[in-house]
Amino acid sequence: MSILKLQNVEKIYGEKENQVKALRKIDLQVEEGEFVAVVGTSGSGKSTLLNLIGGLDNPTQGKIFIKNREVGSLSRKELTIFRRRNIGFVFQNYSLMPVLNVYDNVALPLTFDKGKHINRKYIEELLRELGIWEKRKKYPNELSGGQQQRVAIARALANKPAILLADEPTGNLDSATTVEVMGLLKASCKKYRQTIIMVTHNEAIAQTCDRVIHIEDGCIVTGNRRFPAKGGDGIC
Ligand SMILES: Nc1ncnc2c1ncn2[C@@H]1O[C@H](COP(=O)(O)OP(=O)(O)O)[C@@H](O)[C@H]1O
Ligand SMILES: [Mg+2]
């Protein structure tokens, strides 16, 4: 099943002479469980693509479907809930809350969702799996970059999102920690049957994923899958 579908998606920032076409006519399908790498030079539109998929911003044109629901048809309130339940975000700068310890940072997305019971067993499992259970009472500034990124990954996974979006998650990490974090993402993709879309500058890392999408100047120039799947690869 395609978990994600983009149809003719365009994003233009700014007005008139200040207009920037960040994405042009993007067509893309991602299957459930795929680990997709998005590569491209700085300014090519990678973060814009991720932000649109995650509902942090709206396309200027085109439609985005997640689990067959058109994200643009949701009201603001519906979108907030839909996003919280289906999408996890990991950023390069970790974006942890400095005043909360590791455990509370990870549990935070769950506390927003009043209807949802906090599954402490699952949080413990995540923290153990990511090797940060022992650090659960520490604060972000007491951790290394790699440890902070693991906390951010645990937080992104706490809601068991169908799609994990990661924008240069290893951008600030040394190569050994990068390998470690990549391993954790892959394990989680497999174990929880998650779909991961990860932006990276690093072509070597990208090549270890199921599929590599190259973006140039707002267009997908290649995006072949390593294994056969339904649905074509949109190329503009
Ligand atoms: N909020 C914004 N307002 C205006 N222009 C933007 C904004 N965000 C990104 N851009 C522009 O859109 C293009 C794509 O940016 P971005 O998606 O951040 O690229 P990447 O993540 O590949 O470096 C760039 O030309 C960038 O300057
Ligand atoms: Mg970017």
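Right above here is the structure, for reference.
Overview of the structure. (Residues numbered from 1 in each chain as written. Chains lettered and ligands numbered in written order. Predicted model: local features only at pLDDT ≥ 70, side-chain atom pairs only at ≥ 80, totals over all residues.)

### Quick word on the overall build of the chain
If you tally the helices and strands in the chain, you get 7 helices and 10 strands. The globule rule puts the C-alpha radius of gyration for 236 residues at 18 Å, and the 17 Å found for the chain is close to it. Counting across all 236 residues of the chain, residues that qualify as buried make up 39%. Counted over contacts in the chain with a minimum sequence separation of 6, partners at least 24 positions apart contribute 70%. (Helix = DSSP H or I, 4+ residues; strand = E, 2+ residues; numbered from the N terminus. Rg over C-alpha atoms; globule rule 2.2 N^0.38 Å. Buried ≥ 20, exposed ≤ 12 C-beta atoms within 10 Å, placed from the backbone. Contact = placed C-beta atoms within 7 Å.)

### A closer look at the sheet that holds strand 3 (residues 35-39)
The strands making up a sheet associate through backbone hydrogen bonding, with each pair oriented either parallel or antiparallel. Pairing within the open sheet is mixed, and its 6 strands lie in the order 6-7-8-3-9-10. Every interior strand has two partners, whereas the edge strands, strand 6 (87-91) and strand 10 (219-222), have only one. Going from strand to strand, the sheet's axes swing by 25° on average, the running direction of each strand aside. Each of strand 3, strand 7 (163-167), strand 8 (195-199) and strand 9 (211-216) is contacted by helix 1 (residues 46-53), which is oriented at about 150° to strand 8, the strand it contacts most. (Pairing = 2+ DSSP bridges. Axes fitted to C-alpha atoms, helices over the stretch in contact; angles between N-to-C directions.)

### Considering the packing of helix 3 (residues 102-112) against helix 5 (residues 145-157)
Closest axis-to-axis distance for the helix 3/helix 5 pair is 7 Å, and the angle between their directions is 30°. The pairing of helix 3 with helix 5 is recorded here as roughly parallel in orientation. Here the hand of the crossing between helix 3 and helix 5 comes out right-handed. Here helix 3 contributes Val102, Asn105, Val106, Leu108 and Pro109 to the contact with helix 5, which in turn contributes Val151, Ala154 and Arg155. A per-class count over the contact of helix 3 with helix 5 returns 6 nonpolar, 1 polar and 1 charged. (Parallel < 35°, antiparallel > 145°, perpendicular 65-115°, else oblique. Left-handed = near helix turned anticlockwise from the far one by under 90°. Nonpolar A, V, L, I, M, F, W, Y, C, P; charged D, E, K, R; others polar.)

### Considering the sheet that holds strand 4 (residues 61-66)
Taken in spatial order, the 4 strands make up an open sheet running 2-1-4-5, and their pairing is antiparallel. Taken across any chain shown, the strands that pair with only one partner, and hence form the sheet edges, are strand 2 (20-31) and strand 5 (69-70). Relative to strand 2, strand 1 (residues 2-13) runs antiparallel, the two being bridged by 8 bridges. Bridge pairing in strand 2 places Lys5 opposite Gln29.

### Focus on the site of ligand 1
The immediate surroundings of ligand 1 are formed by Tyr13, Gly14, Val20, Ala22, Gly40, Ser42, Gly43, Ser44, Gly45, Lys46, Ser47 and Thr48. For the shell around ligand 1, the elements supplying multiple residues, two or more each, are strand 2 and helix 1. Ranked by residue count, the leading element in the shell around ligand 1 is helix 1, at 3 residues. (Near = placed C-beta within 6 Å.)

### Structural notes on the pairing of strand 9
With 4 bridges connecting them, strand 3 and strand 9 associate as parallel partners. Following the sheet pairing, Val38 is matched in strand 9 by Ile213. Examined bridge by bridge, strand 9 and strand 10 share 3 bridges and lie antiparallel to one another. Paired with Ile215 across the two strands is Ile220, which belongs to strand 10. The antiparallel pairing of strand 9 with strand 10 creates a hairpin that spans 2 residues between the two strands, and Asp217 there sits at a positive phi of about 50°.

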